[in-house]
Amino acid sequence: MRNILITGGAGFIGGHVVRLMVQKYPDYRIYNLDKLTYAGNLENIADVSALPNYRFLHGDICDVEYVNRIFNEYSFEGVIHLAAESHVDRSISDPLAFAKTNILGTINLLDAFKSLWKGQWENKLFYHISTDEVYGSLGESGLFTEDTPYDPNSPYSASKASSDHFVRAYGETYGLPYIISNCSNNYGPNQFPEKLIPLCIHNIEQNEPLPIYGDGQYTRDWLFVIDHAMAIDQIFHKGEVGETYNVGGHNEWQNIDLVRLMCEMMDRKLGRKQGHSAALIHFVTDRPGHDKRYAIDATKIDKTLGWKPILTFEKGLDQTIDWYLNHKEWLTNVTSGAYRQYYNKQYQAQ
Ligand code: NAD
Ligand code: TYD
């Protein structure tokens, strides 16, 4: 049995990673460390929570005493670190929260891993999950490769870039075995509805305005979350220590085109007249420091590990919309209370 720690496993991507690992590797004991912030929801992984090789640990990655205690108690050989504050708009209103969790929390985990193994690194791995946003913004052409210089523009991407640097620094300085992957925008079931795709699905269903920042001509490279979870599995098991892997969907969409596509698909599904939902599109004040375009060159992970995204965007989006339409209770639960207050503040008077 190997004891593996997954952080942030009650969140969007972490939940899919926990499910995959618990089901695929009965010989691993998977420990899911999550603080259960507004973005963490144990409902996301309820279907695997009773399996004997799964255990939930409720705690904060920034809590030095707690993190050291669990590392000593369970001797984690592998760490897959996803816990983070993850929403750019929230990072603009509260950068310090992002610095604390994303930077200090990561350092705390690195320290606990280092103190536990004291240089006995054989078969050990600290795998840090990061974002393509660390590379900054692309112009009309070009793709992010693993060699693109870091140039983060938002407090979120600056905090993720900093955590990536600390992980590399622990590798260089202490020999700590690490891998980092930088992925493009994910979408799929269980994503918190503050992010563009679930926010629009929810608002279309509710006949509420669809807030598009600026002129809507910002481009993102969308990847289905289960394809990302499979990439994480490949990288964790076959990736080379000290390497970075870019993960992406080869699937660029301007926001406005993507939202129009969702409107058409949902009008069909909800039996509404074509054009009904597109009338909800509402251009609002742009996000400050808004990155124009992200797009990933995923050649390295394809050539070295044989990973490619499997699901087409049409199928992935179709499944995602169906999931939200069939899980209204999940949406109602996560969009009540504190989320309502955030939503009103973020989009007030627009
Ligand atoms: P998410 O916001 O849905 O989930 C984050 C999880 O971390 C939640 O369960 C939350 O409770 C937990 N968490 C937050 N602070 C914590 C703390 N101090 N201690 C313990 N747990 C804490 O995020 P996500 O979209 O699933 O992203 C997961 C990771 O993947 C992040 O590191 C993010 O930077 C990275 N990433 C996300 C995307 C994307 O499109 N969502 C793309 C590339 C990389
Ligand atoms: P988001 O889902 O927040 O991901 P990220 O900022 O990490 O790329 O946003 C995706 C794109 O959609 C981004 O260009 C910002 C834009 N957007 C809107 O136009 N309106 C919104 O209400 C939100 C949340 C995002």
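Residues numbered from 1 in each chain as written. Chains lettered and ligands numbered in written order. Predicted model: local features only at pLDDT ≥ 70, side-chain atom pairs only at ≥ 80, totals over all residues. Heavy atoms only, no water.

J.: Is there a simple way to explain the overall build of the protein in this structure?
T.: A tally of regular secondary structure across the protein gives 12 helices and 12 strands. Here the C-alpha atoms of the protein give a radius of gyration of 20 Å, agreeing with the 20 Å that 2.2 N^0.38 yields for 350 residues. With the principal axes as the frame, the protein shows a C-alpha extent of 65 × 45 × 40 Å. Looking at the protein as a whole, 57% of its 350 residues are labelled buried. Restricting the contact set of the protein to residue pairs at least 6 apart, pairs at least 24 apart contribute 82%. (Helix = DSSP H or I, 4+ residues; strand = E, 2+ residues; numbered from the N terminus. Rg over C-alpha atoms; globule rule 2.2 N^0.38 Å. Buried < 20%, exposed > 50% of the residue type's maximum accessible area, 1.4 Å probe, protein only. Contact = heavy atoms within 4.5 Å.)

J.: Where do I start with the site of ligand 2 in this structure?
T.: Looking at ligand 2, there are 18 residues lining it, with Glu133, Arg220, Arg287, His290 and Tyr347 nearest. Here an oxygen atom of ligand 2 sits 2.5 Å away from a polar atom, N or O, in the side chain of glutamate 133. Here ligand 2 loses 98% of its free accessible area of 500 Å² to cover by the protein chains. At the level of elements, helix H3 (88-93) and strand E8 (210-213) are the ones that each hand at least two residues to the shell around ligand 2. Sort the elements by how many residues they give to the shell around ligand 2 and E8 lands first, with 3 residues. Taken together, the residues of the shell around ligand 2 break down into 8 nonpolar, 4 polar and 6 charged. (Near = heavy atom within 4 Å. Polar contact = N/O pair within 3.5 Å; in protein donor to acceptor, adjacent residues only side chain to side chain. Areas by Shrake-Rupley, 256 points an atom, 1.4 Å probe, with all protein chains shown as cover. Nonpolar A, V, L, I, M, F, W, Y, C, P; charged D, E, K, R; others polar.)

J.: Even after reading the chapter, I still don't get the packing of helix H8 (residues 255-269) against helix H10 (residues 313-326), so can you show me in this structure?
T.: Geometrically, a packed helix pair is captured by the angle between its two axes and the distance between the axes. Interhelical geometry of H8 versus H10 gives an angle of 55° and a closest axis separation of 11 Å. By the angle between their axes, H8 is oblique relative to H10. You can see that H8 and H10 cross each other, and the crossing is right-handed. Where H8 abuts H10, its residues Leu258, Leu261, Met262, Met265, Met266 and Lys269 lie against Phe313, Glu314, Leu317, Asp318, Ile321, Asp322 and Leu325. (Axes fitted to C-alpha atoms, helices over the stretch in contact; angles between N-to-C directions. Parallel < 35°, antiparallel > 145°, perpendicular 65-115°, else oblique. Left-handed = near helix turned anticlockwise from the far one by under 90°.)

J.: Where do I start with the nonpolar core in this structure?
T.: Side chains of a nonpolar character, in soluble globular proteins, are inclined to be buried together. One finds Ile6, Met21, Ile80, Tyr127 and Ile301 to be the most contacted residues of the largest nonpolar core, which totals 43 residues. For this core, the secondary-structure elements that each account for two or more residues are strand E1 (2-7), helix H1 (12-24), strand E2 (28-34), strand E5 (125-131), strand E6 (178-183), helix H7 (225-238), strand E10 (244-247) and helix H9 (299-305). In terms of residues, this core owes the most to one element, H1, which gives 7 residues. Counting 36 residues, the second largest nonpolar core, distinct from the first, contains Trp222, Phe224, Leu258 and Tyr342. (Core = buried A, V, L, I, M, F, W, Y, C linked by side-chain atoms within 4.5 Å.)

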